[in-house]
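# Structural characterization, general
Residue strings, one per chain:
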Amino acid sequence: MAQNEEQIVNEEELTSYTSESSAPVAEAAKANRPALTVSGQAVGRRKEAIARVRVVPGSGQWTVNGRTLDNYFPNKLHQQEVNDPFKLLELEGAYDVIARISGGGPSGQAGALRLGVSRALNEIDTENNRPALKKAGFLTRDARVIERKKAGLKKARKASQFSKR
């Protein structure tokens with residue numbers, strides 16, 4: 001009976017399960033691989049904002065609607081949110097980003113730009129980039145949008161104060 005238990009343990013050690021969310025293999029490969037010389041493009045959306053993004057091999061320059069990143073997004077939190085995919089994949093400074101954004105406000109535009117950059121990086125090297133981006137949640141479209149106004153109410157859910165008499 002002890003031999004059977006040892007056999008089962010040995011079989012479990014030899015069996016390795018891989019899924020898209022487990023990224024130890026991808027992290028080891030990512031550590032020693034250079035940035036690819038391929039460009040990618042994608043569309044990102046959040047709330048009412050739409051971002052069309054091109055990621056091109058370069059020196060890490062950002063052009064958003066013809067302006068620099070810190071000029072377009074003065075808020076450091078939005079700049080950090082947009083840079084997150086590059087930080088996660090350790091590709092900072094490897095690609096230039098050219099984006100055209102329309103609609104929405106600053107927060108929605110930053111979210112749309114992050115999704116567009118993530119999708120473009122996924123398109124460039126799906127095998128290595130996708131597991132980490134997927135695990136961090138950067139490839140998921142945030143479907144939350146503003147709820148419509150209802151009849152008889154002031155806003156979507158706000159009603160006038162109830163008066164008993």
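The structure we're discussing is the one just above.
Conventions used here
Residues numbered from 1 in each chain as written. Predicted model: local features only at pLDDT ≥ 70, side-chain atom pairs only at ≥ 80, totals over all residues. Heavy atoms only, no water. Helix = DSSP H or I, 4+ residues; strand = E, 2+ residues; numbered from the N terminus. Buried < 20%, exposed > 50% of the residue type's maximum accessible area, 1.4 Å probe, protein only. Contact = heavy atoms within 4.5 Å. Areas by Shrake-Rupley, 256 points an atom, 1.4 Å probe, with all protein chains shown as cover. Pairing = 2+ DSSP bridges. Axes fitted to C-alpha atoms, helices over the stretch in contact; angles between N-to-C directions. Phe/Tyr/Trp six-rings, centres within 6.5 Å; stacked < 30°, edge-to-face > 60°. Core = buried A, V, L, I, M, F, W, Y, C linked by side-chain atoms within 4.5 Å. Salt bridge = Lys/Arg side-chain N within 4 Å of Asp/Glu carboxyl O.

## Here we look at the overall build of the protein
If you tally the helices and strands in the protein, you get six helices and four strands. Counting from the amino terminus, the protein carries its helices and strands in the arrangement α-α-β-β-β-α-α-β-α-α. Looking at the protein as a whole, 32% of its 165 residues qualify as buried. A separation threshold of at least 6 residues defines the contact pool for the protein, and within that pool the share at least 24 residues apart is 70%. Counting only carbon and sulfur atoms, one obtains 50% of the accessible surface of the protein, whose full area is about 11,200 Å².

## Remarks on the pairing of strand β1 (residues 40-46)
By the alternation rule, side chains of β1 split into G40, A42, G44 and R46, which are all buried, and Q41, V43 and R45, of which none is buried. Strand direction decides the pairing type here: β1 and strand β2 (residues 49-57), joined by seven bridges, are antiparallel. Residue pairing across strands places V43 opposite R52, the latter belonging to β2. Between the end of β1 and the start of β2, which pair antiparallel, lie two residues, with K47 showing a positive phi angle near 50°.

## What about the sheet that holds β2?
The strand order β1-β2-β4-β3 describes an open sheet built from four strands, whose pairing is mixed. Each edge of the open sheet carries a strand with a single partner, namely β1 and β3 (62-64). In this sheet, neighbouring strand axes are inclined to one another by 15° on average, regardless of whether the strands run parallel or antiparallel. Sheet strands touched by helix α4 (residues 76-89): β2, β3 and β4 (95-102). Its angle to β3, the strand with the most contacts, is close to 140°. Along the sheet face, helix α5 (residues 106-124) touches β1, β2, β3 and β4 and points at about 150° away from the line of β1.

## Digging into the packing of aromatic side chains
Summed over all chains, the structure comprises three aromatic pairs. Centroid distance Y72 to F73: 5.0 Å. Interplanar angle 85°. Geometry classified as edge-to-face. By the burial criterion, Y72 is buried, and F73 matches it.

## Quick word on the nonpolar core
Residues F86, L113 and L121 are the most contacted members of the largest nonpolar core, which totals 30 residues. Mapped onto this core, the elements with two or more residues apiece are β2, β3, α3 (69-72), α4, β4, α5 and α6 (126-136). Here the element with the most residues in this core is α5; it accounts for seven residues.

## Section: the pattern of salt bridges
What the rule picks out here adds up to four salt bridges. Between R144 and D142 there is a salt bridge, with the nearest N and O atoms lying 2.8 Å from each other. Classification of R144 as exposed rests on a relative accessible area of 58%. The partner of K150 in a salt bridge is E147, with the nearest N and O atoms 2.8 Å apart. A single network of salt bridges, built from pairs that share partners, joins R46, D142 and R144.

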